[in-house]
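The chain contents come next:
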Amino acid sequence: MTADYTLTEIVDILTRTMGEMESRVLTGSEFAALSMRQLHYLDTINRLGHPTLSELAQELGVSRPSVTAAVAKLTEAGFVAKVASDEDRRVSHVHLAKKGHRIVRLHDGVHQTVADMIAGALNKRERQELVRMLNKVIAHIS
């Protein structure tokens, strides 16, 4: 018999499941020392392309000095590189290094695994309806 969970419980279960999966993927790998916050930075950098420090700060909703410090640590660890802008040498863009691309692929793989788990529990019509409803939610909160 399956339990009937509240929406809050469902969000909690999905969040916890994804966190546990990401922890398993990271544990014992070259990325084991990476924090979830750093992973979030790398994911955001990947999504934005080659953001400036200011663009990254704005997207993450944090101060530019905070981004500067975080990017310095990620640079030191070999996940990203700062590249001076061709148009304005005072501006730097953040690029994922090979190591950064590898962790983002692992992170995306966890998301794909969770999506596949959800899709596997639903028929085609149910999947389409779930996607439609979640798009409606995203439009509402964006």
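In case you missed it, the structure is sitting above this.
Since this is a predicted model, take the numbers as computed values, not measurements. (Residues numbered from 1 in each chain as written. Predicted model: local features only at pLDDT ≥ 70, side-chain atom pairs only at ≥ 80, totals over all residues. Heavy atoms only, no water.)

### Here we look at empty space enclosed by the protein
No. 1: Here the structure, examined in full by the defined rule, presents one cavity of 30 Å³ or more.
No. 2: Estimates place the volume of the largest cavity at around 30 Å³.
No. 3: Lining the largest cavity, in full, are Glu-22, Val-25, Leu-26, Leu-39, Ile-103, Leu-106 and His-107.
No. 4: Contributions of two or more residues to the lining of the largest cavity are made by helix 1 (7-26) and helix 5 (98-120).
No. 5: Looking at the lining of the largest cavity, its residues break down into five nonpolar, one polar and one charged. (1 Å grid on protein atoms, 1.4 Å probe; cavity = no way out; pocket = protein on both sides within 12 Å on 5 of 7 lines; lining within 4 Å. Points joined across faces, edges and corners; volume = space filled by probe spheres on them. Helix = DSSP H or I, 4+ residues; strand = E, 2+ residues; numbered from the N terminus. Nonpolar A, V, L, I, M, F, W, Y, C, P; charged D, E, K, R; others polar.)

### A closer look at a nonpolar patch on the surface
No. 1: Judged by side-chain polarity, Tyr-5, Leu-7, Ile-10, Val-11, Leu-14 and Ile-118 come together as a nonpolar surface patch covering roughly 550 Å² of accessible area.
No. 2: For the nonpolar patch, the element with the highest residue contribution is helix 1, accounting for four residues.
No. 3: Structurally, Val-11 is set in helix 1. (Patch = residues over 30% accessible without salt bridge, like charges linked within 9 Å, V, L, I, M, F, W, Y side chains within 5 Å. Areas by Shrake-Rupley, 256 points an atom, 1.4 Å probe, with all protein chains shown as cover. Salt bridge = Lys/Arg side-chain N within 4 Å of Asp/Glu carboxyl O.)

### Quick look at the layout of surface pockets
No. 1: Counted as a void, the largest pocket has a volume near 860 Å³.
No. 2: As for the largest pocket, its lining consists of 21 residues, and the residues nearest its centre are Ile-10, Leu-14, Ile-118, Leu-130 and Leu-134.
No. 3: Of all the secondary-structure elements, those providing two or more residues to the lining of the largest pocket are helix 1, helix 5 and helix 6 (124-141).
No. 4: When grouped by side-chain class, the residues that make up the lining of the largest pocket number 18 nonpolar, two polar and one charged.

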